[in-house]
Amino acid sequence: MMMQPFDEYKITGLDFKLRKLGNLLYHEGPIETHYVNENDEDYLLLWVDGDDEFNRWLLFKTTIPLLDDFFQKELTTLDLIHKNPDGFIYLIDIDDNLVHRRFYKLPVKKIPGDYLPSRASFFEELQFEDYALQLKNYLSLHLLRHGKAYPNQARSSVSLAAEPDGPGFEKPA
Amino acid sequence: MEQFKYEPFLKKLKVNCPPEDFDGKNLEAFRWVFDSIEHDDNFKPQYFKNPKRFDALPEEEICQSMGLSLFTNEQSARSRFTELIKLMGKKAYQTLGTNLAKGLVLENDGVSGPVNEKGHFTFYAYEGVDFTTSFKIAGKL
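Residues numbered from 1 in each chain as written. Chains lettered and ligands numbered in written order. Predicted model: local features only at pLDDT ≥ 70, side-chain atom pairs only at ≥ 80, totals over all residues. Heavy atoms only, no water.

## A word on the packing of aromatic side chains
- This model, assessed by the stated rule, comprises 23 aromatic pairs over all chains.
- On the basis of an interplanar angle of 80° and a centroid distance of 5.3 Å, the ring pair of F9 of chain B and F48 of chain B is categorised as edge-to-face. One end of the pair, F9 of chain B, is in helix α1 (residues 7–12); the other, F48 of chain B, is in helix α2 (residues 46–49), with 39 residues separating them in the sequence.
- Since its relative accessible area comes to 35%, F9 of chain B is described here as partly exposed.
- Ring centres of F81 of chain B and Y93 of chain B lie 5.4 Å apart, and the angle between their planes is 50°; this geometry places the pair in the tilted category. Taken together, the residues F81 of chain B in helix α4 (residues 74–88) and Y93 of chain B in helix α5 (residues 91–95) connect sequence positions 12 residues apart.
- Grouped by ring-pair contacts, the aromatic residues Y6, F9, Y47, F48 and F54 of chain B constitute a single cluster.
- The ring centre of F54 of chain A lies 4.1 Å from the NZ or CZ of R102 of chain A, which sits over that ring.
- One cation-aromatic arrangement involves K105 of chain A over F88 of chain A; the distance from NZ or CZ to the ring centre is 4.4 Å. (Phe/Tyr/Trp six-rings, centres within 6.5 Å; stacked < 30°, edge-to-face > 60°. Helix = DSSP H or I, 4+ residues; strand = E, 2+ residues; numbered from the N terminus. Buried < 20%, exposed > 50% of the residue type's maximum accessible area, 1.4 Å probe, protein only. Lys NZ or Arg CZ within 6 Å of the ring centre and 35° of its normal.)

Below, the structure written as structure tokens:
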């Protein structure tokens, strides 16, 4: 079955590169993954859909304070999407050869309901990966020491530049 | 000496796959499956559904994706699914399964890894082992 098209929101690519830091949730493959861009801005990538040709991923910016609230169970993954400082998200269709074929930039309110996590999508220590637990502990310590980790936490992503093929994710070493 | 299913792929990795501490055990096991127990994807490790998806991953993760995900008890299997569905919504049924199947994994079926705190373990089957005949659907997810 074909995935929902979003032609009116199509863009040519991302104007930043992402580096994978670790999987928050994994089951026979990544489900929720933490990335940073060149400016050390944090992003989360969620699997949301798939068909015979593509897997579709939802990418959104987040911040250290938001992540910390998530790990303290004050926010859900759904809240992180709604509170993301960009106010929009990206959908990325990746084919079987890991080529990023299609990119869409959607306002949060245009995300289909079945692409959104539930209101119960809280962090659960038992179910998340070791990386998530390490990040939780790191953030707790970091915020305890510095009070606030992100002086420019609400900065939006810069506007998207046209790039013929769009950059892919860096392959982990 | 038993041959593993997909052995040429396991041997291609630079890491030991299955890991050396995996061994044969007799365990009751649960796995998420699709509507019919004969569905092609039910007992196919994720790697072999789409190998390219795993190419960029560290070899330990590729090895893990070449094993089958199983749970030691129904509650663990259901709890894990419930957790994933919170994030993936109804699409989880499309990609992970719709039913819970129950069966016995015997020591001469293959090798199992340690059971983690989620009640999950990874299993590598020997050539010729067919769980579609030994697992039965125990209920809807």
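Once the structure has been displayed, the description carries forward.
## Quick notes on the confidence of the model for chain B
- For chain B, per-residue confidence averages 94 on the pLDDT scale, and 100% of positions sit at 70 or higher.
- Overall fold confidence for the complex sits at a pTM of 0.83, while the interface term, ipTM, reaches 0.83. (pLDDT = per-residue confidence, 0-100.)

## Side note on the interface of chain A and chain B
- The interface of chain A with chain B comprises 34 residues on the first partner and 28 residues on the second.
- A buried area of about 2,800 Å², summed over both sides, lies between chain A and chain B, and 54% of it is on carbon and sulfur atoms.
- Linking chain A to chain B there are 4 salt bridges.
- Note that R80 of chain B is salt-bridged to E129 of chain A, the shortest N-O span being 3.6 Å.
- The tally of links from chain A across to chain B stands at 8 residue pairs in polar contact (both at pLDDT 80 or more).
- Of all the secondary structure elements, the ones that give two or more residues to the side of chain A that touches chain B are β2 (19–26), β3 (30–36) and β4 (42–50) of chain A. (Contact = heavy atoms within 4.5 Å. Buried area = accessible area lost by both parts, 1.4 Å probe. Salt bridge = Lys/Arg side-chain N within 4 Å of Asp/Glu carboxyl O. Polar contact = N/O pair within 3.5 Å; in protein donor to acceptor, adjacent residues only side chain to side chain.)

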